[in-house]
Amino acid sequence: MPVDFSGKWVLETNDKFEEYLKVLNVDFATRKIAISLSQTKVVCQDGDKFDFKTLSTFRNYELAFTVDVEFDEHTKGLDNRHVKSLVKWEGDKLVCTQKGEKANRGWKHWIEGNKLYLELTCEDVVCLQVFSRKE
Ligand code: YOG
């Protein structure tokens, strides 16, 4: 059975998120709000087609893509940059590289047990978010 990320996931732990925001040049006030937020990930997967919604009371972010197809991503409402993104499978991990102004930027998603993991990387900073299934 191939992996299926579909579902509603709620953030449980968020290690080094503020460091990640800092390296993206997110200002102090926004960082303080962002680190206090509960985040929900709503994922719809249809084979290699994905729709990710990251929801919070402060801002929402939506990203739709197909694996192995490069696309232009505007991180609107986040750090507001334009990057060229490409998502690939590495085994059962979904690995995104975000080419642009910031070096070594990207993310990885995987599932282990009943948890969804998200590793967010920029330059030398790695943030680890762990989500558990909602309802
Ligand atoms: O997810 O790219 O799941 O798109 C936010 C990190 C915070 C306010 C999470 C709002 C970027 C602004 C999305 C939080 C932080 C902070 C809820 C990460 C930058 C500025 C939207 C992401 C991928 C993988 C799918």
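Residues numbered from 1 in each chain as written. Predicted model: local features only at pLDDT ≥ 70, side-chain atom pairs only at ≥ 80, totals over all residues. Heavy atoms only, no water.

J.: Got a minute to help me understand the site of the ligand in this structure?
T.: In the neighbourhood of the ligand, 20 residues make up the surrounding shell, with L21, K41, R59, Y61 and H109 lying closest. Within the side chain of K41, one N or O atom sits 2.7 Å away from an oxygen atom of the ligand. Here an oxygen atom of the ligand and a side-chain polar atom of H109 are 2.7 Å apart. The protein chains hide 98% of the 630 Å² of surface that the ligand would expose on its own. Of the residues belonging to the shell around the ligand, the class tally is 12 nonpolar, 5 polar and 3 charged. (Near = heavy atom within 4 Å. Polar contact = N/O pair within 3.5 Å; in protein donor to acceptor, adjacent residues only side chain to side chain. Areas by Shrake-Rupley, 256 points an atom, 1.4 Å probe, with all protein chains shown as cover. Nonpolar A, V, L, I, M, F, W, Y, C, P; charged D, E, K, R; others polar.)

J.: Would you explain the nonpolar core in this entry?
T.: It is characteristic of soluble globular proteins that their nonpolar side chains tend to be buried jointly. Counting residues in each nonpolar core, the largest one holds 30 residues, and the members touching the most others are F5, Y20, F50, F65, V87, L94 and W107. Of all the secondary-structure elements, those providing two or more residues to this core are β1 (7-15), α1 (17-23), β3 (49-55), β4 (61-66), β7 (93-99), β9 (115-122) and β10 (125-133). With residues near it in sequence (within four places) discarded, F65 still touches D48, K49, F50, F52, F71, V87, L94 and W107. (Core = buried A, V, L, I, M, F, W, Y, C linked by side-chain atoms within 4.5 Å. Buried < 20%, exposed > 50% of the residue type's maximum accessible area, 1.4 Å probe, protein only. Helix = DSSP H or I, 4+ residues; strand = E, 2+ residues; numbered from the N terminus. Contact = heavy atoms within 4.5 Å.)

J.: Any chance you could explain the packing of aromatic side chains here in plain terms?
T.: The description of two aromatic rings rests on the distance between their centres and on the angle between their planes. Within the structure shown, the criterion is met by 10 aromatic pairs. Residues F50 and F52 carry aromatic rings whose centres are separated by 5.9 Å and whose planes lie at 25° to one another, so their mutual orientation is stacked. The exposure class assigned to F52 is buried, which follows from its relative accessible area of 5%. A centroid spacing of 5.3 Å and a plane angle of 15° characterise the contact between F50 and F65, whose relative ring orientation is stacked. Here F50, found in strand β3, pairs with F65, found in strand β4; they are 15 residues apart in sequence, far enough to count as distant. Like F65, F50 is buried. Put simply, the rings of F5, F50, F52, F65, F71, W89 and W107 touch in pairs and so form one group of aromatic residues. Looking at K93, its charged tip hangs above the ring of W110, at a distance of 4.2 Å from the centre. (Phe/Tyr/Trp six-rings, centres within 6.5 Å; stacked < 30°, edge-to-face > 60°. Lys NZ or Arg CZ within 6 Å of the ring centre and 35° of its normal.)

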